[in-house]
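Summary of the model geometry
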Amino acid sequence: MRRDSYPVAFTLLVAVLATLAYDYAWRLGAPLWLRNGTGLLLFSCIMLSPLWVYPIGRVLGAPLGRAVRLALVLPVVWHLKEMLVATTIFGLGPGLYTGLQGPYLFYYGLSFGAMGVGHLLLGLFAGAGLGISAWRAPLFLLPVLALGSLEGLGFALFNYDLLVFQGFLAGYNALFGG
Amino acid sequence: MLGVMKTYRTEQFVKCFLLVTLTLLSPWLAAAERPNIVFILADDHRWDALGVMGHPFIDTPNLDRIAAEGVLFENAFVTSSLCSPSRASFLTGLYPQRHGVQNNFTPWDNANVTFFEPLKEAGYSTAFIGKWHMPGGIPELRGVDDFITFDHMGGQGAYYDTPFIANGERLVVGESPLPGVELSGYITEDLTELSLAWIEQHRDKPFALYLSHKAVHLPMTPSSGWEGRYDDEPVQLPPEADSWLAFADGNFKHFLWDPLEAKMRDYAETAAAMDEQIGRILTLLDELDLADNTVLIYAGDNGYLWGEHRLIDKRWSYEESIRIPFLLRYPRRLVEPGRRHSSMVLNLDLAPTLLELAGVAPPQAMQGKSLVPIIDGDDSPVRDAWIYKYFEDFPYPVPDQTALRTERYKLVDYKRGRRDELFDLSEDPQEQNNLIDEPRLAAQVKDMRARLMSMTARIEQGKTP
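Just so it is clear, the structure is predicted and the values come from calculations on it, not from any experiment.

**Structural notes on the overall build of chain A**
Counting secondary structure elements, chain A contains eight helices and zero strands. For the C-alpha atoms alone, the extent of chain A along its principal axes is close to 55 × 50 × 30 Å. Looking at chain A as a whole, 30% of its 178 residues are labelled buried. The contacts in chain A between residues at least 6 apart in sequence include a share of 58% that link residues at least 24 apart.

As structure tokens, this is what we get:
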């Protein structure tokens, strides 16, 4: 395993252990504070891992593209897990389609935003040594801005929620006749 | 002889006069005997979130009063734990398989007959005030004189500043559907104000009012007077729950997005705020001297999971989701007020009950059973089993499921995505031990599966199972 993969590997391991503890520790009578703690750890891994996986990966030698891919590992794993659960409930096609629902898209936007924050911090404090410019950090916000604009415009112009429910469900009905 | 003839003629005249008078007055007399009806429906109010049910801190003195003066149905259920299907069952007395509103997207079929129609034909003044929230838009509901509702936020309405639709006419925010009624902007208060005014206007002849609250549905916003009242109350989560459950697995799709304890306090405050408004209805009925001859029913449209089974929301066939509060008060007729009735009753029993109380024959198609014998003091079981159905509601991560609920057992048949379940409710009321593979219960499972299928078939055929 390459050194730059260590952060994501460690985060994945923590997330798996936290999942086990969070989902099952109550059966062993674990106290609420402990279960809440593991929950917080788990959600932090899921929601914020790009915040540290990306910059540490860069520090450990990953170029931009690879650092982004590494930072997306945990979001993609979680997203696939969500779709897998959905396929058991709705069947293969609709289950996979659930993965296109707005919250998941915004989740990727948030992940890129977290990378942007990491990039900004790197640029400000270690930029010279790594050749990283803090000025590029706002580019990481483009996905979430694009998604937000799309959803906002839908509301503003047509009073239509494109990504979260209305448009998403229209797509479902068109594809699967729901 | 002449005197006898004269007396005979006078008697005949008096008899004829009385007969004609009675014939002419009979509709009026019958109407005068008919009870008024006030049906109050709450949204997502689970069965035990009431003072009278032993909740540790929710203040519901007015609902408690209805229970004290009426009958509390301890085992009341919905046949589908979701707003739209459940509401349609209350109105029609039909299972969702028959009325067609299967989830929050399948439209209301206005060919459905609601309890309003026969009531209207029997001379009632009728009103539906509040949350309609069934797919397919706002219908022209037959039998309803005043239909005051909203389609704001997809029919959910908002706790503050919801614009009303009055008999099809769209009003702007703050505009009152009834002249002279001032609106505060908080929906529970506004719906109550409108109901109070409507009752006052229609007090002189039998009336049937359906007050359909938004409370206590998400986002569970209490009125300003109740906000923060329970901030210091300790909240006990179920053993399997934790504070972050609203974010876990698919639960985030319900948009609770708060620590569970905080949201449970909001829920309690919103319920208490609603109870306060229900108290105003009780007071008005007292003041107008109408309470004695008014059938007052309070119910929830479904239950709510607060972390049990590591779930939130409703939909599932677990007890917390399918049980509802169901209180009935009718002082003029109810035997032994303050009674608790424990046999299983359903949301679809409402319509035939109201119609029988009003002296109107329920449409034959209705699948619910009248609860009038219970009002009259007969505590025999209403049914020994019933069918629960949750239709897939994409993209909410809850499997399509059908359940057979008996007094003791519950069999849950999942279409896919989950192992079927059997619970012995007498031994395991929290439904923690799935007995579906228990060899000693194999025959029980087989029998229940057969019964589930036969009852489902009868329901789908439009028969009473």
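Read on for the rest.
**Here we look at the sheet that holds strand β18 (residues 421-424) of chain B**
Residues and elements named next belong to chain B. An order of β15-β16-β17-β18 is seen for the four strands of this open sheet, with the pairing classed as antiparallel. In this open sheet, the two strands that pair with only one neighbour each are β15 (385-390) and β18. Mean inter-strand twist for the sheet, computed between neighbouring axes without regard to direction, equals 15 degrees. Pairing analysis gives six bridges linking β15 to strand β16 (residues 401-406), with the strands arranged antiparallel. Looking at the pairing, A385 lines up with T406 of β16. Across the face of the sheet, helix α11 (residues 442-460) comes into contact with β15, β16, β17 (409-414) and β18 while running at roughly 70 degrees to β17.

**Re the packing of helix α6 (residues 102-130) of chain A against helix α7 (residues 142-158) of chain A**
Residues and elements named next belong to chain A. Where α6 meets α7, the closest approach of the two axes is 7 Å, and the angle between their N-to-C directions is 145 degrees. Seen from α6, the contacting residues are G102, L105, F106, Y108, G109, L110, F112 and G113; seen from α7, they are P143, V144, L147 and E151. Of the residues in the contact of α6 with α7, the class split is eight nonpolar, three polar and one charged.

**Things to note about the nonpolar core**
Counting 127 residues, the largest nonpolar core has I129, L209, A271, I297, L327 and L354 of chain B as the members making the most contacts within it. Of all the elements, helix α7 (residues 260-287) of chain B adds the most residues to this core, at twelve residues. When residues no more than four places from it in sequence are discounted, the contact partners of A271 of chain B are H45, A49, I58, T60, A215 and V216 of chain B. In this structure, Y22, I46, I56 and M115 of chain A belong to the second largest nonpolar core, which totals 23 residues.

**Focus on the interface of chain A and chain B**
Counting from both sides, the interface comprises 18 residues of chain A and, opposite them, 15 residues of chain B. At six residues, helix α2 (residues 32-59) of chain A tops the list of elements feeding residues into the side of chain A that touches chain B. A breakdown of the residues in the side of chain A that touches chain B according to their chemical character gives eleven nonpolar, six polar and one charged.

**A word on unusual backbone geometry**
All names here are of chain B. Here the bond from L218 into P219 is cis, since omega is 5 degrees, no more than 30 degrees from zero. When you line up the elements, P219 lands in the loop between β8 (207-212) and α7. With an omega of 5 degrees, the peptide bond running from F394 to P395 counts as cis. Relative to the helices and strands, P395 is located in the loop between β15 and β16. One non-glycine residue with positive phi stands out, namely H309, at about 60 degrees. Even without being glycine, R315 reaches a positive phi, approximately 75 degrees.

**Quick look at the confidence of the model for chain B**
Residue and element names in this part refer to chain B. The pLDDT averaged across chain B works out to 93; a share of 93% of its residues lies at or above 70. Counting interchain partners and residues more than four positions distant, the pLDDT-below-50 stretch residues 25-29 has one contact. The ipTM, which scores confidence in the relative placement of chains, is 0.88 for this predicted complex, and the corresponding pTM is 0.91.

**Things to note about α7 of chain B**
Residue and element names in this part refer to chain B. The first and last C-alpha atoms of α7 sit 41 Å apart over 28 residues, in line with the 40 Å expected at 1.5 Å per residue. The element α7 is extensively covered by neighbouring structure, given that 20 of its 28 residues are classed as buried. Where α7 ends, the next residue or the one after it, D289, has phi of about 60 degrees, a positive value.

**Considerations on the environment of S184 of chain B**
All names here are of chain B. Note on placement: S184 falls in the loop between β7 (169-170) and α6 (187-201). Take S184: there are 14 C-beta atoms within 10 Å of it, and that puts it in the partly exposed class. Remark: the alpha-carbon pair of S184 and L91, spanning 93 residues in sequence, is separated by 29 Å. Those residues in contact with S184, other than ones at most four positions away along the chain, are E189 and D190.

**Quick notes on the domain arrangement of chain B**
Residues and elements named next belong to chain B. Under the domain assignment, chain B is made up of domain 1 (33-377) and domain 2 (399-465). Just the C-alpha atoms count here: the centres of domain 1 and domain 2 sit 28 Å apart. On the side of domain 2, ten residues touch domain 1, which itself brings ten residues to the contact.

**Details of the sheet that holds strand β12 (residues 326-329) of chain B**
What the ten strands build is an open sheet, ordered β7-β6-β5-β4-β8-β1-β9-β12-β2-β13 (chain B); its pairing is mixed. The sheet terminates laterally at β7 and β13 (339-341) of chain B, the two strands that pair on one side only.

**Focus: helix α2 (residues 61-69) of chain B**
Residues and elements named next belong to chain B. Taken together, the buried positions of α2 are N62, L63, I66 and A67. Taken around the axis of α2, the buried residues stretch over an arc of 150 degrees, which confines them to a single face. Check the buried side of α2 and you find it contacts β2 (71-73), α7, β9 (294-300) and β12.

**What to know about the pairing of β17 of chain B**
Residue and element names in this part refer to chain B. Relative to β17, β16 is paired through five bridges, and the arrangement is antiparallel. If you follow A403 over to β17, its bridge partner there is V412. Hairpin connection from β16 to β17: two residues lie between these consecutive antiparallel strands. Pairing analysis gives four bridges linking β17 to β18, with the strands arranged antiparallel. For Y409, the partnering residue across the bridge sits in β18 and is D424.

**What to know about the environment of N112 of chain B**
All names here are of chain B. Looking at the secondary structure, you find N112 in the loop between α4 (96-99) and α5 (116-121). Taking the number of C-beta atoms within 10 Å as the measure of exposure, N112 has 20 and is therefore buried. The residues contacting N112, other than those within four sequence positions of it, are T92 and H99.

The rules behind these values
- Residues numbered from 1 in each chain as written.
- Chains lettered and ligands numbered in written order.
- Predicted model: local features only at pLDDT ≥ 70, side-chain atom pairs only at ≥ 80, totals over all residues.
- Helix = DSSP H or I, 4+ residues; strand = E, 2+ residues; numbered from the N terminus.
- Buried ≥ 20, exposed ≤ 12 C-beta atoms within 10 Å, placed from the backbone.
- Contact = placed C-beta atoms within 7 Å.
- Pairing = 2+ DSSP bridges.
- Axes fitted to C-alpha atoms, helices over the stretch in contact; angles between N-to-C directions.
- Nonpolar A, V, L, I, M, F, W, Y, C, P; charged D, E, K, R; others polar.
- Core = buried A, V, L, I, M, F, W, Y, C linked by C-beta atoms within 7 Å.
- pLDDT = per-residue confidence, 0-100.
- Expected span 1.5 Å × (residues − 1).
- Domains from an automatic or database assignment.
- Arc of directions from axis to C-beta.

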